[in-house]
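Survey of secondary and tertiary structure
So the chains spell out like this:
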Amino acid sequence: MTHLSDETLAHVRPPVRVPPYDRATLQIGVVHFGPGAFHRAHQAWYFDRMLAERPDMAVCAVSLRTPDVRDALAPQDGLYTLVEKEAQPAVQVIGSILQVLVAPEDPGLVFRRLLEARYVTATVTEKGYCLTSSGELDLDHPDIRRDLARREQPTSLIGWITEALSQRQRHDLPPFTTISCDNLSDNGAKLRRAVIRFAEARGERDLARWIEAAARFPCSMVDSITPATDDGLRRQAAAALGLDDAWPVQRERFVQWVVEDELGDDADLFRAAGVTVAREVAPFERAKLRLLNGAHSTLAYVGLGLGCETVSAAMADERLAGFVERMMRQDVAASLDAPELDVPDYIGQILVRFRNPAIVHKLSQIAWDGSQKLRFRLLETATEALAAGRPVDRLAVGVAAWMRFVVRQTRAGAQIVDPFADGLAAVARNCADGPDDVDRFLALSEVIPPALATDERFRGAVARAYATLQADPATVLRP
Ligand code: CS2
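Procedures and definitions
Residues numbered from 1 in each chain as written. Predicted model: local features only at pLDDT ≥ 70, side-chain atom pairs only at ≥ 80, totals over all residues. Heavy atoms only, no water. Pairing = 2+ DSSP bridges. Helix = DSSP H or I, 4+ residues; strand = E, 2+ residues; numbered from the N terminus. Axes fitted to C-alpha atoms, helices over the stretch in contact; angles between N-to-C directions. Contact = heavy atoms within 4.5 Å. Left-handed = near helix turned anticlockwise from the far one by under 90°. Nonpolar A, V, L, I, M, F, W, Y, C, P; charged D, E, K, R; others polar.

Moving on, we come to the sheet that holds strand 3 (residues 80–84). Pairing is mixed across the open sheet formed by three strands, whose spatial order is 4-3-9. Two strands lie at the open edges of the sheet, namely strand 4 (90–94) and strand 9 (249–251), each paired on one side alone. Pairwise comparison of adjacent strand axes, ignoring direction, gives a mean angle of 25° for this sheet. Relative to strand 4, strand 3 runs antiparallel, the two being bridged by five bridges. Bridge pairing links Tyr80 to Ile94 in strand 4. Lying over the sheet, helix 2 (residues 43–51) contacts strand 3, strand 4 and strand 9, oriented at roughly 75° with respect to strand 4. Most of the contacts of helix 9 (residues 231–241) go to strand 3, to which it runs at about 105°, and overall it touches strand 3, strand 4 and strand 9.

Below is the structure:
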């Protein structure tokens, strides 16, 4: 079968939607770091919606390490298929990505694009920010040390942004606006602090002050469930298009992007594309991270222990579904102060989304990078609950189940996908299924903030859940 490209686009069969603008007139206005499936299903879709209005919002996608997205999309002129997985699926071709670069192959070209861009967006996952457990730049992180020594060939997002801003300052160009699209609380503020700290560590106080005064780093909340691409999706896309697509992506129909109102004159352009431009993003971000992602991680670690493979399978186990619903409604909701959000209704919608039978979302995918995710999903909620004198028993279950997951994987000789995998495996190898196991994990200050780890109420709750999960996992789920 012929493959998708600018030349074959005209052959795409209806009702597949194709870009309603002339791609030949597009200009790059956005550099995006981390062109994984989430970006292609989410921000690239929003930029696609802006392009008919504003042809200068096309994307140059930059992969920090691997060439696989470039290798798949370059022969297709950056085009790819997005399938919305619902009872009535919808298929469309996205045209907003004009170029994919692999950063280490041609840093000079990446910097040229960064001199032209007005926006930088990023989905590099939690670990890509190189932060300590208190949320500040980790100057001992190997990527950060390397980037301090080799400024013009950075490896980290922080290194790229700082050097690009330094070049812009030298060329008398205004800074670009950087929008973090990762699942970290206060993502924009954390990224801004990290970049300023890195500029200072480079010994460039002037640059740091300029960034502080002139550069915008709006916070943003992103949401859409995006399972990894599989062969079934490739077949579905090819059948719909009548053309081959090397790397289609899929997501649920629900999609949300809330961006802090630091977009100046472009706020209306973003709004018209469906973005919520808000004075304050934190309430949306916290609600999403603690409810949706907190429930996801709990479902993943407990569900994998019960032999479930997907989110919808875990939700079909009424004990597990009932447990996460109680956790959301009774424990997490109490930690939220979100006047603009109908929290009970929002929880109801999340539970419906988790049950979507058209979405095959692997729990193992969600279980990745636990050392980086737990803080924003469960630990911050637990810290606040303790301060307010509320119980943390249900919140502790996901944390204990993560510990059991790490122990199980290590004993089975299976891979732990986590930037901290070696440290985790070292702890797990010393575990003997006793109460000391929990103390060993809680001592990992890179993962668990020491103030929480040493709180007896939290430690006790995790230890109880850990023991029960081992003896009889279902008991822990009882009301
Ligand atoms: C998931 C998220 O993989 C995970 O950890 O919890 O990717 C989740 O699907 C998205 O944040 C939904 O917006």
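Our next topic: the packing of helix 11 (residues 282–305) against helix 13 (residues 318–332). Interaxial distance between helix 11 and helix 13 falls to 10 Å at its minimum, and their mutual angle equals 145°. Crossing hand, helix 11 versus helix 13: right-handed. Across the interface between the two elements, Arg290, Leu291, Gly294, Ala295, Thr298, Leu299, Val302 and Gly303 of helix 11 pack against Leu320, Phe323, Val324, Met327, Met328 and Val332 of helix 13. A class-by-class count of the residues in the contact of helix 11 with helix 13 yields 10 nonpolar, three polar and one charged.

With that settled, consider the sheet that holds strand 1 (residues 28–33). In spatial order, the strands read 5-2-1-6-7; together these five strands make up an open sheet with parallel pairing. The open sheet has two edge strands with one neighbour each: strand 5 (97–102) and strand 7 (177–180). Along the sheet, successive strands turn relative to each other by an average axial angle of 20°, direction set aside. The pairing of strand 1 with strand 6 (residues 119–122) spans four bridges and is parallel. For Val30, the partnering residue across the bridge sits in strand 6 and is Tyr119.

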